[in-house]
Amino acid sequence: MRAVKNGGGTYIDASDVAIGVRPSINLKPEIKISTGDGSEENPYRLEEDNDTDLDGGSLNTRYSGEYISFGTGENTLYRIVSHETNGLTKITSAEPLKENGIFKTSIFGDSVYYSSDNTIGNFLNGEYLTNGNYLSEEQVNMIENSTTWYLGTVGNGTSYKLAKYTNTTDNILILSTTNAKVGLLRYGELMSGQFDRIGNNTYYWTLTLYSASNIRSVNHNGRAGNSNLTNVVGVKPSLNLKSNVIITSGDGTKNNPFTLELSS
């Protein structure tokens, strides 16, 4: 099949190689633009898209890909992933975490199974939440205390659906899971390939197994790969915000992300 490189050039690859998905749709002729100028920073907003009077609305009514002002210091931009758990909003950092202008890296741990006790999980459920360099106390309180993270295996040439389901057709959940406050994205999950930086210089972990010693990772040009669990790779946290998190301002674009608060 023909594919497109991160630099824009085309090449040929096998149909069972894991490459990003970029859907194309046709909008109906009666769809009208309500706001925006069509730029990356200020995209068109469409009429009847619930994009006005957002202040006070629940975050769990918003859409995958929208931007959120969340975090502290160098890490203040997150994006909505999905509403996988009823009432909650899964988000992830817009890019891997930084420290002093450099992407933070970590080994995965001594096991391919993510948990709050392995190396990267211990950091995300410990220092990431408590030291104030990544999140404020108010933001930590917005995070659901414990949610389920799916630890499926996606080997070479197999479907991304196996990261969560036992097969590709029946949507039967896998039994291999862990519960934690903070996790990582799965291989193939929405936003797991998104990275605002073209030609960035870091890989980052997912929590999906590739083999008995390797974990699925996203490489520097956004393509899927895998890394040994002792490799040093970037950290891109994922977390679920509580059902009573509301929007206080913003329109969800990169230049005007949603600001949030926890309603009583």
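See the structure printed just above.
Residues numbered from 1 in each chain as written. Predicted model: local features only at pLDDT ≥ 70, side-chain atom pairs only at ≥ 80, totals over all residues. Heavy atoms only, no water.

Peer 1: Would you explain the overall build of the protein chain in this entry?
Peer 2: Tallying secondary structure elements over the protein chain gives three helices and 20 strands in all. The C-alpha radius of gyration of the protein chain comes to 19 Å, within 12% of the 18 Å expected for a compact globule of 264 residues. Counted over contacts in the protein chain with a minimum sequence separation of 6, partners at least 24 positions apart contribute 56%. Of the accessible surface of the protein chain, which amounts to about 13700 Å², a share of 46% is contributed by carbon and sulfur atoms. Counting 21 positive and 28 negative side-chain charges, the protein chain places the averaged centre of each group 7 Å from the other. (Helix = DSSP H or I, 4+ residues; strand = E, 2+ residues; numbered from the N terminus. Rg over C-alpha atoms; globule rule 2.2 N^0.38 Å. Contact = heavy atoms within 4.5 Å. Areas by Shrake-Rupley, 256 points an atom, 1.4 Å probe, with all protein chains shown as cover. Lys, Arg positive; Asp, Glu negative; His and termini not counted. Charge placed at Lys NZ, Arg CZ, Asp CG, Glu CD.)

Peer 1: Help me out: how do you make sense of the sheet that holds strand 13 (residues 182–184) in this one?
Peer 2: Sheet strands pair by backbone hydrogen bonding; their relative direction is either parallel or antiparallel. Strand order in this open sheet of five strands is 5-6-7-18-13, and the pairing throughout is antiparallel. If you trace the sheet from one side to the other, it starts and ends with strand 5 (67–69) and strand 13, each paired once. Averaged over all neighbouring strand pairs, the angle between strand axes comes to 40°, with direction disregarded. Where strand 6 (residues 77–82) meets strand 7 (residues 89–93), four bridges bridge the pair, whose relative direction is antiparallel. If you follow Ile 80 over to strand 7, its bridge partner there is Ile 91. (Pairing = 2+ DSSP bridges. Axes fitted to C-alpha atoms, helices over the stretch in contact; angles between N-to-C directions.)

Peer 1: Mind showing me how you'd approach unusual backbone geometry here?
Peer 2: If a residue is not glycine, its phi is most likely negative; likewise, a peptide bond is most likely trans. Of note in this structure, Asn 171 is not a glycine but carries a positive phi near 55°. With respect to the helices, strands and loops of the structure, Asn 171 is situated in the loop between strand 11 (147–150) and strand 12 (177–180).

Peer 1: Honestly, the side chain of Thr 92 in this entry has me stumped. Any pointers?
Peer 2: Take Thr 92: it is sitting in strand 7. A distance of 2.8 Å separates a polar atom in the side chain of Thr 92 from the backbone oxygen of Pro 237. Residues contacting Thr 92, with those up to four places away along its chain left out, are Tyr 78, Arg 79, Val 81, Leu 185, Met 191, Lys 236, Pro 237 and Ser 238. (Polar contact = N/O pair within 3.5 Å; in protein donor to acceptor, adjacent residues only side chain to side chain.)

Peer 1: What exactly am I supposed to notice about the packing of aromatic side chains here?
Peer 2: Any aromatic ring pair is given by two values, namely how distant the centres are and how the planes are angled relative to each other. Applying the stated rule across the entire model yields six aromatic pairs. With 5.6 Å between their ring centres and 90° between their planes, Phe 123 and Tyr 134 make a pair best called edge-to-face. Of the two residues, Phe 123 sits in helix 1 (residues 119–124) while Tyr 134 sits in the loop between helix 2 (127–130) and helix 3 (137–142), which places them 11 residues apart along the sequence. Of the two residues, Phe 123 and Tyr 134, neither departs from the other in class, the shared state being buried. Connected via pairs of aromatic rings, a cluster forms that spans Phe 108, Tyr 114 and Trp 205. We note Lys 98 situated over the ring of Phe 103; from NZ or CZ to the ring centre the distance is 5.4 Å. (Phe/Tyr/Trp six-rings, centres within 6.5 Å; stacked < 30°, edge-to-face > 60°. Buried < 20%, exposed > 50% of the residue type's maximum accessible area, 1.4 Å probe, protein only. Lys NZ or Arg CZ within 6 Å of the ring centre and 35° of its normal.)

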